[in-house]
Amino acid sequence: MRSEGTFLIRNKLGLHARAATVLAQLAVKFDATITLFQDEKQAAGDSVLALMLLESSQGKEVKVVCEGPDAEPALNSIGELIEQRFHEHE
């Protein structure tokens, strides 16, 4: 099964270390391969370093592709996390 969606990075600091860690911790909870794409770059959803190397900043869009049995719930949860600014208080 495959699900994908595009989400806008809303938090002020973008996909920095703490946000990348929260996303990676969420990604490993699902039976799915999760990949994020921005411009020419891509990153495994469970790799904090790879996510940071995307250099996703506020106002940029990332495409999230989830493949596997949990693809749809994984996409929904990650999309919700991004929409909620990675639970950061700004």
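A brief report on the enclosed structure follows. (Residues numbered from 1 in each chain as written. Predicted model: local features only at pLDDT ≥ 70, side-chain atom pairs only at ≥ 80, totals over all residues. Heavy atoms only, no water.)

### Comments concerning helix 3 (residues 71–83)
Thought 1: Along its 13 residues, helix 3 runs 18 Å from first to last C-alpha, staying within 8% of the 18 Å computed at 1.5 Å per residue.
Thought 2: Within helix 3, the full set of buried residues consists of Ala71, Ala74, Leu75, Ile78, Gly79, Leu81 and Ile82. Along the axis of helix 3, the buried residues cluster in a sector spanning 160°; they form a single face.
Thought 3: Buried residues along helix 3 sit in contact with strand 1 (2–8), helix 1 (17–27), strand 2 (33–38) and strand 4 (61–67).
Thought 4: Immediately beyond the C-terminal end of helix 3, within one or two residues, lies Arg85, with a positive phi of roughly 55°. (Helix = DSSP H or I, 4+ residues; strand = E, 2+ residues; numbered from the N terminus. Expected span 1.5 Å × (residues − 1). Buried < 20%, exposed > 50% of the residue type's maximum accessible area, 1.4 Å probe, protein only. Arc of directions from axis to C-beta. Contact = heavy atoms within 4.5 Å.)

### What about the pairing of strand 2?
Thought 1: Pairing of strand 2 with strand 4 involves five bridges; the strand directions are antiparallel. Bridge assignment links Phe37 to a residue of strand 4, and that residue is Lys63.
Thought 2: With four bridges connecting them, strand 2 and strand 3 (residues 41–44) associate as antiparallel partners. For Thr35, the partnering residue across the bridge sits in strand 3 and is Ala44.
Thought 3: Here strand 2 hands over to strand 3 after two residues, with Asp39 in that stretch at a positive phi of 50°. (Pairing = 2+ DSSP bridges.)

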